[in-house]
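Topology and contacts: notes
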Amino acid sequence: MRVALLTEGARPHPDRGAGAWCDRLAEGLPEHDFELYLLTGPAGLGSAARLSPAWQGAHDLALWGRRPRGRAPGTLRRRQYARAYEELVRALVLPGEQAGFGAGLYRLAALAREDEGTLPAFLGSAHARRVLERTWRLPGADTSAGQPLVRDVLVAADLLEQCLRPLSAPWYGTGPGGLGGADLCHVVGGGPAALPALVARHLHGVPFVVTEHGLHLREQYLGFPPRADGGAGAECEERQARDECRSDDRRHRVRAPGGERASHEAPYRWPVRALLLSFFRALTEETYRQAAILTPGSAHDQQWQRRCGADPARTRVVYEGTPAVDRPAAGPEPERPTLVWAGALEPGRDTELVLHAFARVRAELPAARLVVHGQETAPGYLAHCAAVAERLGVAVDFAGRPGSLAEAWQSGTVVVFSALSQRSPRLLADAMLSGRAVVSTDVGVAREVVGPTGLLVPARDPRALAGACLALLRDEERRSRLGLAGRLRAQERFAVEPVIGAFREIYLELVSQYPAFPGGGGVGEGNRAPRPFARPAEYWLADGARGRDDRDSRDGRDDREASAGPADRADPADPEPGGGGAGAPDGGRGQLAVVPAAAEERPEPAGPAGSSVLAEAV
């Protein structure tokens, strides 16, 4: 099976490490052919030699930076672009016309495919800016964030051009490197990376899976730059986990696409933020509506997705696997009873709560100490915490950013989390893998991740937090028991193998529900029309490691058998994987019946029409 994996890269291609999530997925499923489609920066993907050998190919598109060169569309084509662009913008600013977002999006994609290179030129033109300004100021437009000024129109037009740039990517054919020839697309991270999958779904009926480890839309609302989850170019697992020690200091900023180190990090005015949020919200809703399966990284994220219109029947929670499960547990505890805290030094992590709780712990256990690991992300917050500790009369070791998370957990007896919102399970899981007992505020994913293997306390309650810490510091046997249980729980939920197995089943399920097109989704050699369900789903997985030569040699024979009369057919008991004849026994590996001649003459079905075609076949 050919899988096109689409994701967004934070940087062109620095030293990534071998722990990237997408690399592990491609390496764990060698029976499939994975191709990487990366939205990256102006410098591009870099040397393909740096990619994992598991990738069959790599394609990149500069999502941010200077607009790509292209010829301006002609007069007629410019009018067509303007109508489609106006329909899309009206869906963003007029509450009653939100349903037009998909139509405008797909029309722009179709026009960009007809005239290669003209879409970025149009979106960067004065004509597009006039369309945006006129539509944005229509009567009834949502201007609750303020009336747009001329500078807002200029900035928003530039950002929308970058957001829509994937529509002009040269990826939508059915030949080599084209998404139309893929069996399915796998979007990692959501956001703009989902645009190519939406277009391939609309043009060629290619199903796609969406995996989100931290919701792109939620991070946009929080003003936090979207993390480039696991592209072959994602950072190593250790750095991904340490990202939790930085954070959302940019609360009131909406980021343009491009990851956390894009060049344009200037704060935008509220009208621009509102327009971009409207775009990302509409894109997210369209993505969830068209996706075959959604795989959030936690049940907490699953609830957010449902609020955005995701169908629960098409949602599967798949935890983000990490190779840290193989890391040895932390060594002996320090001689003094020590509380260790790690995270970004900013108000959302509520470091003050730990300081107040520690003052209560010191009152009953004078030998206790507190070590705070983290980097200041809110200006002045570290000095504020130091002043709070001085006022409380406690000595706190502000150790800065740790060399590694394993070293941070090793330095403590009990690990403490005090955040007001715990969106990602990564840092909690990493602490549990150390074997240290965990105390956390009961927010976000904490209950789901920690479960009964740690102590959960209400947020903003220093008395409860101090009581939980004292209970563990005074009971070595309980600490040891909970630490071991937490480590086993994290190893079970966040191991790599269950993740690989889950996606192996998801891919198989999708292939069994959608038509299989030998030859890459189009007409094969000899102008043979594609035959939906001519192969059982198992066929695409059974001989992937043996290569495609045997499969290709069987295609001609299968076509002859399908068109032959009953007397000319091969033996029904023939174990040929592609046989699938009408006389095949029911026990033959669950093969589907061959589609009747009337159905074979039909063109390629649009979208997930597998149920109706299958009904005719049966």
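Residues numbered from 1 in each chain as written. Predicted model: local features only at pLDDT ≥ 70, side-chain atom pairs only at ≥ 80, totals over all residues. Heavy atoms only, no water.

**What about the nonpolar core?**
Counting residues in hydrophobic clusters, the biggest one holds 71 residues, and the most contacted among them are Tyr85 and Leu132. Counting residues per element, this core draws most heavily on helix H2 (residues 75-93), at 9 residues. Look past the residues within four positions of tyrosine 85 in its chain and what remains in contact with it is Leu108, Phe122, Leu123, Ala128, Val131, Leu132, Leu160 and Leu164. In terms of nonpolar packing, the next biggest core, distinct from the first, is built from 34 residues, Leu339, Tyr381, Val416 and Leu482 among them. (Core = buried A, V, L, I, M, F, W, Y, C linked by side-chain atoms within 4.5 Å. Buried < 20%, exposed > 50% of the residue type's maximum accessible area, 1.4 Å probe, protein only. Helix = DSSP H or I, 4+ residues; strand = E, 2+ residues; numbered from the N terminus. Contact = heavy atoms within 4.5 Å.)

**Comments concerning the sheet that holds strand E4 (residues 184-188)**
Pairing in this open sheet of 6 strands is parallel, and the strands run E3-E2-E1-E4-E5-E6 from one edge to the other. Lying at the two open borders of the sheet, with one neighbouring strand each, are strand E3 (55-62) and strand E6 (293-296). With strand direction ignored, the average angle separating the axes of adjacent strands in the sheet is 20°. Pairing of strand E5 (residues 208-212) with E6 involves 4 bridges; the strand directions are parallel. Among the inter-strand pairings, threonine 211 is bridged to a residue of E6, identified as threonine 295. (Pairing = 2+ DSSP bridges. Axes fitted to C-alpha atoms, helices over the stretch in contact; angles between N-to-C directions.)

**What to know about the packing of aromatic side chains**
Counting across every chain of the model gives 11 aromatic pairs. Ring geometry for phenylalanine 279 and phenylalanine 280: centres 5.6 Å apart, planes at 70°, overall edge-to-face. For phenylalanine 279, a relative accessible area of 0% corresponds to the buried category. Given a relative accessible area of 1%, phenylalanine 280 falls into the buried group. Clustering of aromatic rings is evident, with ring pairs tying together Trp21, Phe34, Trp55, Phe503 and Tyr507. One residue, arginine 218, lies across the ring of tryptophan 304, its end atom 5.1 Å from the ring centre. Sitting over the ring of tryptophan 270, arginine 273 keeps its end group 4.2 Å from the ring centre. (Phe/Tyr/Trp six-rings, centres within 6.5 Å; stacked < 30°, edge-to-face > 60°. Lys NZ or Arg CZ within 6 Å of the ring centre and 35° of its normal.)

**Here we look at helix H6 (residues 150-164)**
End to end, H6 covers 21 Å across 15 residues, agreeing with the expected 21 Å (1.5 Å per residue, within 8%). The set of residues buried in H6 consists of Asp152, Val153, Ala156, Ala157, Leu159, Leu160, Glu161, Gln162, Cys163 and Leu164. Among the structural elements, H2, helix H3 (100-114), helix H4 (118-123), helix H5 (126-136), helix H7 (194-204) and helix H10 (270-290) are those in contact with the buried residues of H6. (Expected span 1.5 Å × (residues − 1).)

**Section: the environment of glutamate 35**
On the secondary structure map, glutamate 35 appears in strand E2 (residues 33-40). The spatial distance from the C-alpha of glutamate 35 to the C-alpha of leucine 5 is 6.1 Å, given a sequence separation of 30 residues. Among residues more than four places away in sequence, those in contact with glutamate 35 are Arg2, Val3, Ala4, Leu5, Trp55, Gln56, Gly57, His59 and Gly177.

**Overview of the side chain of threonine 295**
Of note, threonine 295 is situated in strand E6. In this structure threonine 295 comes out as buried when scored by relative accessible area, which is 0%. Those residues in contact with threonine 295 that lie beyond four places of it in its chain are Val209, Val210, Thr211, Glu212, Arg316, Val318, Phe503 and Ile506.

**Here's the deal with the side chain of serine 52**
For serine 52, the location among the structural elements is in the loop between E2 and E3. On the basis of relative accessible area, serine 52 is assigned to the buried category, the value being 9%. Setting aside chain neighbours within four positions, we find serine 52 in contact with Asp23 and Glu27.

**Here's the deal with the packing of H2 against H5**
Direction vectors running N to C along H2 and H5 enclose 35°, while the axes themselves pass 9 Å from each other. For the crossing formed where H2 meets H5, the hand is right-handed. Where H2 approaches H5, its residues Arg78, Ala82, Tyr85, Glu86, Val89, Arg90 and Val93 are matched on the opposing element by His127, Ala128, Val131, Leu132, Arg134, Thr135 and Trp136. Tallied by class, residues from the contact of H2 with H5 come to 8 nonpolar, 2 polar and 4 charged. (Left-handed = near helix turned anticlockwise from the far one by under 90°. Nonpolar A, V, L, I, M, F, W, Y, C, P; charged D, E, K, R; others polar.)

**Quick notes on the confidence of the model for the protein chain**
Caution applies to low-pLDDT regions: their predicted coordinates should not be interpreted in detail. Here the protein chain averages 80 in pLDDT, and 73% of its residues register 70 or above. Confidence drops under a pLDDT of 50 for residues 10-19, and excluding neighbours within four residues, the segment shows 29 contacts in the predicted structure. (pLDDT = per-residue confidence, 0-100.)

**A few points about the sheet that holds strand E7 (residues 338-342)**
On the basis of which strands lie adjacent, the open sheet formed by 6 strands has the order E9-E8-E7-E10-E11-E12 and parallel pairing. Strands at the two margins of the open sheet, each flanked by one partner only, are strand E9 (396-400) and strand E12 (455-457). When the angles between neighbouring strand axes are averaged without regard to direction, this sheet yields 20°. Bridge analysis of E7 against strand E8 (residues 369-373) gives 5 bridges, and the strand direction is parallel. Paired with tryptophan 341 across the bridge in E8 is valine 372. Across the sheet, helix H17 (residues 462-473) is in contact with E7, strand E10 (414-417), strand E11 (437-441) and E12; its angle to E12 comes to roughly 165°.

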